[in-house]
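Spelled out from the first residue to the last, the chains are:
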Amino acid sequence: MAWTTPRQDPDRSRRRLQLLAELAGARAVRQRNRPQRLRTERLRQLIATRRRVAG
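Every value quoted in this text rests on a predicted model; they were computed, and no experiment measured them. (Residues numbered from 1 in each chain as written. Predicted model: local features only at pLDDT ≥ 70, side-chain atom pairs only at ≥ 80, totals over all residues. Heavy atoms only, no water.)

Novice: So what exactly am I meant to see when it comes to the overall build of the protein here?
Specialist: Counting its regular elements, the protein contains 1 helix and 0 strands. Taken across its 55 residues, the protein has 0% of its residues classed as buried. Accessible surface, the protein as shown: approximately 6000 Å² in total, 55% of it carbon and sulfur. (Helix = DSSP H or I, 4+ residues; strand = E, 2+ residues; numbered from the N terminus. Buried < 20%, exposed > 50% of the residue type's maximum accessible area, 1.4 Å probe, protein only. Areas by Shrake-Rupley, 256 points an atom, 1.4 Å probe, with all protein chains shown as cover.)

Novice: Can you walk me through the pattern of salt bridges in this structure?
Specialist: It is possible for side chains bearing opposite charge to pair when their charged atoms get close. If you walk through the whole model with that rule in mind, you get 1 salt bridge. With a shortest N-O distance of 3.7 Å, arginine 14 and aspartate 11 are connected by a salt bridge. Here aspartate 11 and arginine 14 lie together in helix H1 (residues 10-54), a separation of 3 residues that amounts to about one turn. Its relative accessible area of 47% is what places arginine 14 among the partly exposed residues. (Salt bridge = Lys/Arg side-chain N within 4 Å of Asp/Glu carboxyl O.)

Novice: Looking at this model, I keep getting lost on a nonpolar patch on the surface. Mind explaining?
Specialist: The grouping of Leu17, Leu19, Leu20 and Leu23 at the surface amounts to a nonpolar patch, some 380 Å² of accessible area in total. Secondary-structure assignment places leucine 23 in helix H1. Owing to a relative accessible area of 44%, leucine 23 belongs among the partly exposed residues under this scheme. (Patch = residues over 30% accessible without salt bridge, like charges linked within 9 Å, V, L, I, M, F, W, Y side chains within 5 Å.)

Novice: Explain a positive patch on the surface here, please?
Specialist: There is a patch of like positive charges on the surface, built from Arg27, Arg30, Arg34 and Arg37. With respect to the secondary-structure elements, arginine 37 resides in helix H1. (Lys, Arg positive; Asp, Glu negative; His and termini not counted. Charge placed at Lys NZ, Arg CZ, Asp CG, Glu CD.)

Written out as structure tokens, the structure reads:
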């Protein structure tokens, strides 16, 4: 018996592509914001270190 793949529903395929595009967009936004978050974290660490040294 040969294996055959059933044809996908066009609506299901379209929804899947739309979901993948939205996920890719969300990932891009997250990666864009990451450098700012790292900068903020480094600044907090520097402030905390300075307070420990000064205090």
